Amino acid sequence: MSTNNIDKLQQLNVEAGEAGGKERTRRQRAKGKQTARERLEALVDPGSFIEFDRLAVHDCYDFTMQERRIRTDGVICGTGRIDGRQVALFSQDATIFGGSLSHRHAAKICKVMDFAQNNGIPIIGLNESGGARIQEGVRSLAGYADIFLRNTLLSGMVPQISAVLGPCAGGAVYSPAITDFVFMVAQQSYMFVTGPEVVSTVTHESVTMEELGGAAVHNSQSGVAHFTCRDEENLFTSLRALLSFLPANYMEKPPSRPCNDPPERQVPELDQLVPENPHKPYDIKRLILATVDQGEFLEVQPDYAQNIVMGFARYDGMVVGIVANQPMVLAGCLDINASLKAARFVRFLDCFNIPILTLVDVPGFLPGVDQEHHGIIRNGAKLLYAYAEATVPKITLITRKAYGGAYDVMCSKHIRADVNMAFPTAEIAVMGPEGAVNIIFREELKKAADPEKRRAELVKDYRDKFANPFVAAELGYVDEIILPHDSRSKIVQWLKILQGKRQSNPPKKHGNIPL
Ligand code: HXC
């Protein structure tokens, strides 16, 4: 064995471990951020990371780049274990050309994505990148396209998770956008297609990185991100928690685990959950927290479109995805953002064999010129489509209102829910009694001696006739009316029964969801 080569290997390995040098590493740490390697070590099980392409280097000879050939070329790729489960990973190194993406850097990421596909394991990207490496021109754009293509082909095959841990610009935001979940750190992560300087030149708007694409913006306004974390450590804890709910690929079931919370546990506090007054709101998260195993619920996109609540939990150890109208916000109405938020989540759950529990209290789609002009029709249709095409076990529980089109959309029997339950407080109708009476008795009310008194009588009649679950139960659209304190045991019972569900859609190339 040539000692020369061994010495050389040692030297190259040291170089690759030094990232962009001491000064740039010092600056990275001074911003409160970890280095790319430290991040990987913090995320995976100790000692489990195996690196690919540690000695890679770019092949660009323009703009004096040949003098700056830094090992790894700005991204560390490989495989490791998280809670004992194998995953594929890459971590961009902002100390090397700002984590920008060269053709070689892209090839490394593509290799690890292919590894994820071939082995049926999740791919996790830790992103911090100035976008396309400017010195490489179209070669770096080609590299991005190679990644986007793989993101698209892997979609629905293995879970794809992005952590954005610093500024990500240009092409560096589109790959995370195709992935299933995006995590960001408050006051540290930024995502924008064009940065503040370009924005100022083109539109003359003066805006900071935080205002343009900080974690708060993307988690509460744009809907690009799903989780805001206070720091990197907190982000990795949340990422591991998310992964614990997911199967490794579309052919596996989500990992169930032993449970100490009794499956038959009664939940008496839920008997008082729904107020007598149908106009009074209540917090649907109380139902979720009271019924799931150990009160553990990982809420997804908690700050965006809060009129719908969704996330992961377990019942008797079995993983479910929960989608619930939230009467506390916009009375639980479905609007554009809520429809988009839930539609993408429902599709994710269906991709990865995760049963869907839908909790319904919805007075309808949000009325208004703004909603109509921005496409509530097209966007509401996405949620309808997502539920209709989903073939995983689907369990629906109507707690109170299920009005109009929103009744159909929120996983009704008609779009293949397996079991539809309702509380005795459920109101299943075309619309609320007040609106219904105003329309069908308009002429009579005009002529009435005391219109208000007559309206109150008619509203009561309508409520007695339609604002209950009994008509739907007679028709078989509701399978069972249950008492609120039995919610947990009923959900557990149905999840167990539906474990062997097999359903498929008619053969075709793919559907055409109204995007
Ligand atoms: C080459 C880059 C780079 C890039 C940053 N650097 N971005 N090198 N190509 N795209 C280098 C800088 O020159 C600098 O080198 C080092 O990385 C650190 O950059 P700083 O600006 O000092 O860091 P910071 O202040 O943290 O700002 C980070 C940043 C900023 C916000 C990302 O660097 C930035 O705005 N970069 C340009 C973003 C951009 O417009 N990218 C092109 C997108 S076009 P030295 O040697 O000084 O350390 C694109 C097209 C793809 O991506 C489209 C596909 C759909």
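Here's a quick rundown of the structure. Nothing here was measured: the structure is a model prediction, and the numbers come from that model.

1. Describing the packing of aromatic side chains
Here comes step 1: One pass over the full model with this rule turns up 12 aromatic pairs.
Here comes step 2: Ring centres of Phe348 and Phe352 lie 5.0 Å apart, and the angle between their planes is 45°; this geometry places the pair in the tilted category.
Here comes step 3: Taken together, Phe181, Phe183, Phe227, Phe245, Phe312, Phe345, Phe348 and Phe352 form an aromatic cluster joined through their ring pairs.
Here comes step 4: Taking the ring centre of Phe466 as reference, the NZ or CZ of Lys465 above it sits at 5.5 Å.

2. Considering empty space enclosed by the protein
Here comes step 1: Within this structure, the stated rule accounts for 3 cavities of 30 Å³ or more.
Here comes step 2: Here the largest cavity defines a volume of roughly 70 Å³.
Here comes step 3: Listed by contribution, the elements that provide at least two residues to the lining of the largest cavity are β4 (123–129), β5 (160–169) and α6 (171–178).
Here comes step 4: If one sorts the elements of the lining of the largest cavity by residue count, β4 sits on top with 4 residues.
Here comes step 5: Grouping the amino acids of the lining of the largest cavity by side-chain chemistry returns 6 nonpolar, 7 polar and no charged.

3. Details of the pattern of salt bridges
Here comes step 1: Considering all chains together, one arrives at 32 salt bridges under this definition.
Here comes step 2: Here Glu23 ties to Arg26 by a salt bridge, and the two come within 2.8 Å at their closest N and O atoms. Here Arg26 and Glu23 lie together in helix α2 (residues 22–30), a separation of 3 residues that amounts to about one turn.
Here comes step 3: Assessed through its relative accessible area of 41%, Glu23 is described here as partly exposed.
Here comes step 4: For Arg26, a relative accessible area of 47% gives the class partly exposed.
Here comes step 5: In this structure, Glu389 engages Arg347 in a salt bridge whose closest nitrogen and oxygen atoms are separated by 2.7 Å. Of this pair, Glu389 sits in helix α14 (residues 376–389) while Arg347 sits in helix α12 (residues 336–351), and the two are 42 residues apart along the sequence.
Here comes step 6: Ionic contacts of the salt-bridge type, sharing partners, join the residues Lys33, Arg39, Glu128 and Glu232 into one network.

4. So, the environment of Glu41
Here comes step 1: Here Glu41 lies in helix α3 (residues 36–43).
Here comes step 2: Judged by relative accessible area, which is 62%, Glu41 ranks as exposed.
Here comes step 3: Along the sequence, Glu41 and Val437 sit 396 residues apart, while their C-alpha atoms lie 64 Å from each other.

5. Focus on the layout of surface pockets
Here comes step 1: Roughly 470 Å³ of volume is contained in the second largest pocket.
Here comes step 2: For the lining of the second largest pocket, the secondary structure elements donating two or more residues are α2, β4 and β5.

6. Remarks on unusual backbone geometry
Here comes step 1: Its identity is not glycine, yet Ala19 carries a phi of approximately 50°, on the positive side.
Here comes step 2: For Ala19, the position within the fold is in the loop between α1 (3–17) and α2.
Here comes step 3: Phi at Asp73 is positive, roughly 55°, even though this residue is not glycine.
Here comes step 4: Mapped onto the secondary structure, Asp73 falls in the loop between β1 (50–52) and β2 (75–82).

7. Some remarks on the nonpolar core
Here comes step 1: With 66 residues, the main nonpolar core has Ile124, Phe312 and Val323 as its most contacted residues.
Here comes step 2: In terms of residues, this core owes the most to one element, α12, which gives 7 residues.
Here comes step 3: Those residues in contact with Ile124 that lie beyond four places of it in its chain are Leu43, Ile82, Val87, Ala88, Leu89, Phe90, Ile161, Leu239 and Leu243.
Here comes step 4: In this structure, Tyr282, Val292, Val309 and Val419 belong to the second largest nonpolar core, which totals 30 residues.

8. So, the site of the ligand
Here comes step 1: Surrounding the ligand, one finds 20 residues, the nearest of these being Arg24, Gly98, Gly130, Ala132 and Gly171.
Here comes step 2: The separation between an oxygen atom of the ligand and a polar main-chain atom of Gly98 is 2.9 Å.
Here comes step 3: Gly171 places a main-chain nitrogen or oxygen 2.7 Å from an oxygen atom of the ligand.
Here comes step 4: For the ligand, the protein covers 57% of the area, taking 1000 Å² as the surface of the free molecule.
Here comes step 5: Those elements giving two or more residues to the shell around the ligand turn out to be α5 (138–154), β5 and α6.
Here comes step 6: Among the elements that line the shell around the ligand, the one with the most residues is α5, at 3 residues.

Reading guide: rules and limits
- Here the residue index of a chain counts from 1 through its sequence in written order.
- The model is predicted, so local features are restricted to residues of pLDDT at least 70 and side-chain atom pairs to those at 80 or more, both for listing and for counting; the totals for chains, interfaces and linings are taken over all residues.
- To obtain the side-chain values, all non-hydrogen atoms of the structure were included, while hydrogens and water were left out.
- Between rings of Phe, Tyr and Trp, where Trp is taken as its six-membered ring, a pair exists when centres lie within 6.5 Å; planes separated by under 30 degrees are stacked, by over 60 edge-to-face, and by other angles tilted.
- Consider the ring centre and the ring normal. A charge sits over the ring if Lys NZ or Arg CZ is within 6 Å of that centre and within 35 degrees of that normal.
- Each cavity reported here is a set of points on a 1 Å grid over the protein atoms alone in which a 1.4 Å probe fits but cannot get out, each pocket an open set with protein on both sides within 12 Å along at least five of seven lines, and each lining residue one with an atom within 4 Å of a point.
- Grid points are joined across faces, edges and corners, and a volume is the space filled by probe spheres set on the points.
- Strands here mean DSSP runs of E at least two residues long; helices mean DSSP runs of H or I at least four residues long; both are numbered from the N terminus.
- Each residue gets one of three labels, nonpolar for Ala, Val, Leu, Ile, Met, Phe, Trp, Tyr, Cys and Pro, charged for Asp, Glu, Lys and Arg, and polar for the others, Gly among them.
- For this document, the term salt bridge refers to a Lys or Arg side-chain nitrogen within 4 Å of an Asp or Glu carboxyl oxygen.
- When accessible area is computed with a 1.4 Å probe and restricted to protein chains, residues below 20% of their type maximum are described as buried, those above 50% as exposed, and intermediate ones as partly exposed.
- As used in this record, nonpolar core signifies buried Ala, Val, Leu, Ile, Met, Phe, Trp, Tyr and Cys residues forming a set joined through side-chain atoms within 4.5 Å.
- Working rule for contacts: check all heavy atoms of both residues, and any pair within 4.5 Å makes them a contact.
- A cutoff of 4 Å decides nearness: a residue is near a molecule or strand if any of its heavy atoms lies inside that distance of it.
- Side-chain atoms alone can form a polar contact between residues adjacent in sequence; in general such a contact is a pair of N or O atoms within 3.5 Å, and within protein one must be able to donate a hydrogen while the other accepts it.
- The protein chains shown are the only cover counted for residues, whose accessible areas, like all others here, come from Shrake-Rupley with a 1.4 Å probe.

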